[in-house]
Amino acid sequence: MSEAKKAELRPVLEAFDQAATEFENNHDVVFPSEAERLRLFHAAQKKWRKHRSRPGPCMYHGCTKTSVARSHTIPMSSSIKLIAEGGHVMTPRYGEKQLEVARVGIHEASTFPGFCAEHELLFAGFETKKEMSSKEHFQLQAFRTLCREVYTKRHQRRKLEATIEEYRQRRDAFIVSRTEAAAARPLGVNRLEFSDDALETQVVGHIDSLNEDLSALDGLYRGLVEDMRHGAQNTAMLIANFNLRVPVCLSGLGMLNYELHGVRKRALCFLAVIPEQAQTKIIIGAEKEHQNAIDLHFMDETSPALVARLESWMCHGSDHWFIAPSAWVAIPEQRRRAICDRILDVSHALADPVPFSVLDGTRSTIIRLVKEGLAARNFSSDEIACATQTLAEEQAKLDFVPIKSPAQDE
C-alpha cells in the first residue's frame with residue numbers, strides 16, 4: 001500500500017477506533033441525547049404493551065378463531081375480586097431501573113388475549129360455581145396457566161428480537177457515520193460485526209433461554225391436552241387445599257432443581273394459587289418424570305410450610321401475582337423493597353426458602369392459632385417444643401429487617 005493510501009486511511013481508522021471506544025465506554029452515545037433515549041424507551045414500552053393486548057389466534061389446540069381481547073388467567077369473580085379493594089389489586093411491574101408493586105384494576109389483572117369466545121366457556125363451570133372441585137377444573141386452570149406463559153414468552157421473544165435489531169442498527173449507524181465523516185470519499189459500509197458486545201450477547205442469551213422454555217412448555221401443553229382429552233397421564237400434578245384464604249392470587253412458572261441418582265435435574269413447573277371464599281387451592285405440576293420431585297416439594301403440609309412455599313413461589317417463581325392492597329401496604333417499606341429485589345435476583349430456585357415474611361396477615365393468623373393452642377394445652381409434651389420453635393421462626397420472619405448496603409445509606 002502506498003504512503004498516500006496509508007495517509008488517507010489513517011484518519012478513517014482513528015475515527016473508527018475512537019467511535020468504538022466511546023461506544024464501549026457508554027452505549028448511550030448512539031442516542032442524540034438522554035431525553036431522546038428516554039422518549040424512545042417509553043415509546044417502545046407503550047408500543048409493546050399495545051401489541052401484547054392485541055387479539056390473535058385462540059390458544060386452544062386446533063382452534064383457528066380469533067381470541068377475545070381479555071382472557072383472565074386467574075378467575076376474576078371467584079379469586080381476584082375476593083382480594084381486591086376498591087376494584088384494584090397490586091402486582092409487580094418492571095420500570096426502567098427497578099421493580100415496583102403497583103395498583104391495577106381487576107378487569108385488567110391477569111388478562112391476555114388467549115381464547116376465543118367459545119373456548120372461554122371452558123372455564124365457566126368453576127368460575128360460576130366460584131370453586132374448583134374436580135380434576136377437570138384443576139386441569140383447565142393449569143391449561144390456561146400454561147397458555148398465558150406460552151403467549152407471554154412468545155411476546156417477550158418478539159420484543160427482544162426487535163429490540164436487538166434496532167440496537168444493532170443504532171450501534172452500526174453511530175460508528176459508520178463517525179468513520180465516514182473522517183473519510184475523503186464514501187466507504188460504502190452499512191453493516192458491522194461485533195464479536196464481544198456484552199449487551200448483544202446478553203440479549204441473545206435471553207432469546208435462546210426463551211426458546212428453550214418454549215420448547216419445554218410445548219411439551220407440557222401437549223401432554224396436558226392429551227390428559228384432558230383422552231385421560232392420559234403425561235402430567236404430574238399435585239393439588240393442595242390450604243384452610244386459610246391468603247390475600248394473593250398467582251399463576252405462572254417456576255424451576256424446581258433436584259438431584260436423582262447423582263444427576264442434577266430441572267423441572268419446569270406450572271404454578272397456581274387460587275384463593276376461594278374460605279380456603280386457598282394450590283396447584284403445581286410438571287412433566288410426569290418429575291412426579292417424585294413434586295411430591296417431595298409438598299412433603300411438609302403444615303400451615304407454616306405452606307405459607308413459606310407460597311412466598312418462595314412469589315419471590316423465586318412467578319412474578320405474575322396479585323395481592324390485596326392493604327396486605328401489601330401493611331408490609332414495612334424496607335421489607336417491601338427486599339421482596340422486589342428478591343424477585344429480580346435470579347440466583348434462587350423454587351425450593352429455596354425466603355428469609356422474611358411476604359404474607360404477613362396469614363403468618364400472624366398462624367402465630368395466633370399456635371399461641372391459642374399452647375394456652376389451651378392442646379399440644380402434647382413432645383409437640384410443645386416444636387410449637388415454641390415454630391413461633392420463634394415465624395415471628396423472626398415478621399421482624400426481619402434487611403441489611404442496607406453502604407450504597408443504600410448514601
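Above: the structure in question.
Below you will find a few notes about this structure. (Residues numbered from 1 in each chain as written. Predicted model: local features only at pLDDT ≥ 70, side-chain atom pairs only at ≥ 80, totals over all residues. Heavy atoms only, no water.)

1. Describing the overall build of the protein
Turning to step 1, where the next piece is worked out: A tally of helices and strands in the protein yields 14 helices and nine strands.
Turning to step 2, where the next piece is worked out: Referenced to the eigenvectors of the C-alpha coordinate spread, the extents of the protein come out at roughly 100 × 55 × 50 Å.
Turning to step 3, where the next piece is worked out: Within the span of the protein, comprising 410 residues, buried residues form 44% of the whole.
Turning to step 4, where the next piece is worked out: Looking at the protein alone, contacts between residues at least 24 apart form 72% of all its contacts between residues at least 6 apart.
Turning to step 5, where the next piece is worked out: Summed over its atoms, the accessible surface of the protein is roughly 21700 Å², and 52% of this surface lies on carbon and sulfur atoms.
Turning to step 6, where the next piece is worked out: One finds the centroid of the 52 positive side-chain charges in the protein at a distance of 6 Å from the centroid of its 56 negative side-chain charges. (Helix = DSSP H or I, 4+ residues; strand = E, 2+ residues; numbered from the N terminus. Buried < 20%, exposed > 50% of the residue type's maximum accessible area, 1.4 Å probe, protein only. Contact = heavy atoms within 4.5 Å. Areas by Shrake-Rupley, 256 points an atom, 1.4 Å probe, with all protein chains shown as cover. Lys, Arg positive; Asp, Glu negative; His and termini not counted. Charge placed at Lys NZ, Arg CZ, Asp CG, Glu CD.)

2. What about a negative patch on the surface?
Turning to step 1, where the next piece is worked out: On the surface, Glu14, Asp17, Glu24 and Asp196 cluster together into a negatively charged patch.
Turning to step 2, where the next piece is worked out: One can find Asp196 in the loop between helix H6 (135-181) and helix H7 (198-230).
Turning to step 3, where the next piece is worked out: Classification of Asp196 as exposed rests on a relative accessible area of 61%. (Patch = residues over 30% accessible without salt bridge, like charges linked within 9 Å, V, L, I, M, F, W, Y side chains within 5 Å. Salt bridge = Lys/Arg side-chain N within 4 Å of Asp/Glu carboxyl O.)

3. Points about the nonpolar core
Turning to step 1, where the next piece is worked out: In this structure, Cys269, Ile284, Trp313, Trp321 and Trp328 are the most contacted members of the largest nonpolar core, which totals 47 residues.
Turning to step 2, where the next piece is worked out: The greatest single-element share of this core, amounting to six residues, is contributed by helix H9 (residues 303-317).
Turning to step 3, where the next piece is worked out: Grouped together as the second largest cluster of nonpolar side chains are 42 residues, Val89, Val150, Tyr221 and Phe270 included. (Core = buried A, V, L, I, M, F, W, Y, C linked by side-chain atoms within 4.5 Å.)

4. Focus on a positive patch on the surface
Turning to step 1, where the next piece is worked out: A cluster of basic side chains, namely Lys46, Arg49, Lys50 and Arg54, defines a positive patch on the protein surface.
Turning to step 2, where the next piece is worked out: Tracing the chain through its elements places Lys46 in helix H2 (residues 34-52).
Turning to step 3, where the next piece is worked out: By relative accessible area, which is 53% here, Lys46 ends up exposed.

5. As for H7
Turning to step 1, where the next piece is worked out: The terminal C-alpha atoms of H7 lie 48 Å apart, and with 33 residues this matches the ideal 48 Å at 1.5 Å per residue to within 8%.
Turning to step 2, where the next piece is worked out: With a side-chain oxygen lying 3.1 Å from the backbone nitrogen of Leu199, the N-terminal cap of H7 falls on Asp197.
Turning to step 3, where the next piece is worked out: Backbone geometry just after H7 places Gly231 at a positive phi near 70°. (Expected span 1.5 Å × (residues − 1). Polar contact = N/O pair within 3.5 Å; in protein donor to acceptor, adjacent residues only side chain to side chain.)

6. Details of the state of the cysteines
Turning to step 1, where the next piece is worked out: Throughout the structure, instances matching the rule amount to zero disulfides.
Turning to step 2, where the next piece is worked out: Here Cys63 stays unpaired: no disulfide links it, and the sulfur of Cys58, its closest cysteine neighbor, is 3.8 Å away.
Turning to step 3, where the next piece is worked out: For Cys63, a relative accessible area of 14% translates into the label buried. (Disulfide = S-S within 2.5 Å.)

7. What to know about the packing of aromatic side chains
Turning to step 1, where the next piece is worked out: Counted under the stated rule, the structure contains nine aromatic pairs.
Turning to step 2, where the next piece is worked out: Ring geometry for Trp321 versus Trp328: centroids 6.2 Å apart, planes at 50°, classification tilted. When sorted by exposure, Trp321 lands in the same class as Trp328, which is buried.
Turning to step 3, where the next piece is worked out: Grouping aromatic residues by their ring pairs yields a cluster made of Tyr60, Phe112, Phe115, Phe123, Phe143, Tyr151 and Tyr221. (Phe/Tyr/Trp six-rings, centres within 6.5 Å; stacked < 30°, edge-to-face > 60°.)

8. Some points on helix H13 (residues 381-399)
Turning to step 1, where the next piece is worked out: In a regular helix each residue adds 1.5 Å, so 19 residues correspond to 27 Å; H13 covers 28 Å between its end C-alpha atoms and thus fits that length.
Turning to step 2, where the next piece is worked out: Looking at the buried residues of H13, the elements they touch are H9, helix H11 (333-344) and helix H12 (360-375).

9. Some details on the environment of Arg70
Turning to step 1, where the next piece is worked out: Mapped onto the fold, Arg70 is located in the loop between H2 and strand E1 (71-72).
Turning to step 2, where the next piece is worked out: Overall, Arg70 belongs to the partly exposed group, its relative accessible area being 48%.
Turning to step 3, where the next piece is worked out: When the C-alpha atoms of Arg70 and Pro55 are compared, they prove to be 8.3 Å apart, with 15 residues separating the residues in sequence.

10. Observations concerning the side chain of Thr362
Turning to step 1, where the next piece is worked out: Mapping Thr362 onto the fold places it in helix H12.
Turning to step 2, where the next piece is worked out: The exposure class of Thr362 is buried, given its relative accessible area of 5%.
Turning to step 3, where the next piece is worked out: Leaving out residues up to four positions away in the same chain, Thr362 has contacts with Phe242, Leu244, Val246, Pro247 and Val307.

11. Considering unusual backbone geometry
Turning to step 1, where the next piece is worked out: At Lys130, a position not held by glycine, the phi torsion is positive, near 60°.
Turning to step 2, where the next piece is worked out: Structurally, Lys130 can be placed in the loop between helix H5 (124-129) and H6.
Turning to step 3, where the next piece is worked out: For Arg377, which is not glycine, the phi torsion reads 55° and is therefore positive.

12. Side note on the pattern of salt bridges
Turning to step 1, where the next piece is worked out: The tally for this structure, following the rule as stated, stands at 20 salt bridges.
Turning to step 2, where the next piece is worked out: Linking Arg37 and Asp28 is a salt bridge whose minimum nitrogen-to-oxygen distance equals 3.7 Å.
Turning to step 3, where the next piece is worked out: The buried category is assigned to Arg37, whose relative accessible area is 15%.
Turning to step 4, where the next piece is worked out: By relative accessible area, which is 32% here, Asp28 ends up partly exposed.
Turning to step 5, where the next piece is worked out: Glu100 is the partner of Arg337 in a salt bridge, and the nearest nitrogen-oxygen pair spans 3.4 Å. With Arg337 in helix H11 and Glu100 in strand E3 (residues 99-105), this pair connects stretches of sequence that are 237 residues apart.
Turning to step 6, where the next piece is worked out: On the accessibility criterion, Glu100 (36% relative accessible area) is partly exposed.
Turning to step 7, where the next piece is worked out: A single salt-bridge network, built from bridges that share partners, covers Arg168, Arg171, Asp172, Asp197 and Glu200.

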